[in-house]
Amino acid sequence: SQQGEEDPQALSIQEGENATMNCSYKTSINNLQWYRQNSGRGLVHLILIRSNEREKHSGRLRVTLDTSKKSSSLLITASRAADTASYFCATVGDSGGSNYKLTFGKGTLLTVNP
Amino acid sequence: NAGVTQTPKFRVLKTGQSMTLLCAQDMNHEYMYWYRQDPGMGLRLIHYSVGEGTTAKGEVPDGYNVSRLKKQNFLLGLESAAPSQTSVYFCASKRTLGRSSYNEQFFGPGTRLTVL
């Protein structure tokens, strides 16, 4: 079963605006990762946040993690048309049998209009 | 470095035919994975390998077999293809340097498979 669930399923914004995507998950995690997928391409890793971290930044990306609510958010600031892609959250479990596997959500399709 | 490559990029099969998808990585990664991606479903793990000669089942393993005879290659086989296996297949790899759970996965470009 899917671990993460992204919200919204689709998001359309204008260039220069900020985009926020949310992810909820069900079980305890070791870390949570966000990936981007351009149309027809493979996934590319964006950022990882560990279970003991609350916020992390990378360039125009800001990720938050609330383990008490089992949720994470990805903020892309000052969006560009090139940010148009699908964004997936993926979790790594905290038990020995699951700490090398990623469990993906269904993704958010972000469209940035020029 | 080529990273993770997949062969073929596209394939059309008839029901009952067999085929093998090849994944190769040149990063000396220990871990390798096969996923399928269906519309609205995200990525689901089919099989994975934590090292040469080892494989394990993922979330949706039925109808697929895998082999990891060489560290750099991970093969996904469909013995008797079914229309339900129409999907986009992605291979990924991950290193084990340091705390492996904190390492990212590197993905190939995908193989689009249609089973008629």
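Please refer to the structure higher up on the page.
Rules of the game
Residues numbered from 1 in each chain as written. Chains lettered and ligands numbered in written order. Predicted model: local features only at pLDDT ≥ 70, side-chain atom pairs only at ≥ 80, totals over all residues. Heavy atoms only, no water. Helix = DSSP H or I, 4+ residues; strand = E, 2+ residues; numbered from the N terminus. Rg over C-alpha atoms; globule rule 2.2 N^0.38 Å. Buried < 20%, exposed > 50% of the residue type's maximum accessible area, 1.4 Å probe, protein only. Contact = heavy atoms within 4.5 Å. Areas by Shrake-Rupley, 256 points an atom, 1.4 Å probe, with all protein chains shown as cover. Lys, Arg positive; Asp, Glu negative; His and termini not counted. Charge placed at Lys NZ, Arg CZ, Asp CG, Glu CD. Pairing = 2+ DSSP bridges. Buried area = accessible area lost by both parts, 1.4 Å probe. Salt bridge = Lys/Arg side-chain N within 4 Å of Asp/Glu carboxyl O. Polar contact = N/O pair within 3.5 Å; in protein donor to acceptor, adjacent residues only side chain to side chain. Nonpolar A, V, L, I, M, F, W, Y, C, P; charged D, E, K, R; others polar. Core = buried A, V, L, I, M, F, W, Y, C linked by side-chain atoms within 4.5 Å.

Trainee: What am I meant to see in the overall build of chain A here?
Mentor: Along chain A, the regular secondary structure elements total zero helices and eleven strands. Ordered by position from the N terminus, the helices and strands of chain A form the series β-β-β-β-β-β-β-β-β-β-β. For 114 residues, the compact-globule estimate of 2.2 N^0.38 gives 13 Å, and chain A sits close to it at 14 Å. Sorting the 114 residues of chain A into buried and exposed places 46% on the buried side. Within chain A, counting contacts between residues at least 6 apart in sequence, those at least 24 apart form 56% of the total. Carbon and sulfur atoms make up 43% of the accessible area of chain A, which amounts to about 5,200 Å² in all. Each charge class in chain A was averaged separately, 13 positive and 10 negative side chains, and the resulting centres sit 5 Å apart.

Trainee: Help me understand the pairing of strand β4 (residues 31-38) of chain B in this model?
Mentor: Remark: a regular strand shows side chains that alternate across the two faces of the sheet. Residue and element names in this part refer to chain B. Most of β4 is tucked away, with eight of its eight residues classed as buried. Going residue by residue along β4, you find Tyr-31, Tyr-33, Tyr-35 and Gln-37 tucked away on one face and Met-32, Trp-34, Arg-36 and Asp-38 tucked away on the opposite face as well. Strand direction decides the pairing type here: β4 and strand β9 (residues 87-94), joined by seven bridges, are antiparallel. Bridging across to β9, Trp-34 finds its partner in Cys-91. Bridging between β4 and strand β5 (residues 42-51) involves seven bridges; their strand directions are antiparallel. Bridging from a neighbouring strand, Tyr-35 pairs with Leu-45 of β5.

Trainee: Before we go on, may I ask you to explain the interface of chain A and chain B in this structure?
Mentor: When the parts come together, some accessible area is lost, and that loss is often what is quoted as the size of the interface. At the interface, 23 residues of chain A touch 24 residues of chain B. Between chain A and chain B the total buried area reaches about 1,900 Å² when both faces are included, carbon and sulfur atoms providing 53% of it. Counting every contact that joins chain A to chain B gives zero salt bridges. On the surface where chain A and chain B come into contact, there are two residue pairs in polar contact (both at pLDDT 80 or more). Among the elements of the structure, β4 (29-37), β5 (43-50), β9 (85-93) and β10 (102-104) of chain A are those that each provide at least two residues to the side of chain A that touches chain B. Take the side of chain A that touches chain B: its biggest share by element is five residues, from β4 of chain A. Considered class by class, the residues forming the side of chain A that touches chain B number eight nonpolar, eleven polar and four charged.

Trainee: When you look at the nonpolar core in this model, what are you seeing that I'm missing?
Mentor: Membership of the largest hydrophobic core comes to 21 residues, with the highest contact counts inside it found for Leu-32, Trp-34, Leu-74, Ile-76, Tyr-87 and Leu-110 of chain A. Each residue touching Leu-110 of chain A, except ones within four places of it in the same chain, is listed here: Leu-11, Ile-13, Ala-19, Met-21, Ile-76, Asp-83, Thr-84, Ala-85 and Tyr-87 of chain A.

Trainee: What is the right way to look at the side chain of His-45 of chain A in this model?
Mentor: The topology assignment puts His-45 of chain A in strand β5. Accessibility expressed as a relative area gives 18% for His-45 of chain A, which makes it buried. Residues in contact with His-45 of chain A, not counting those within four places in the same chain, are Gln-33, Trp-34 and Tyr-35 of chain A together with Glu-104 and Gln-105 of chain B.

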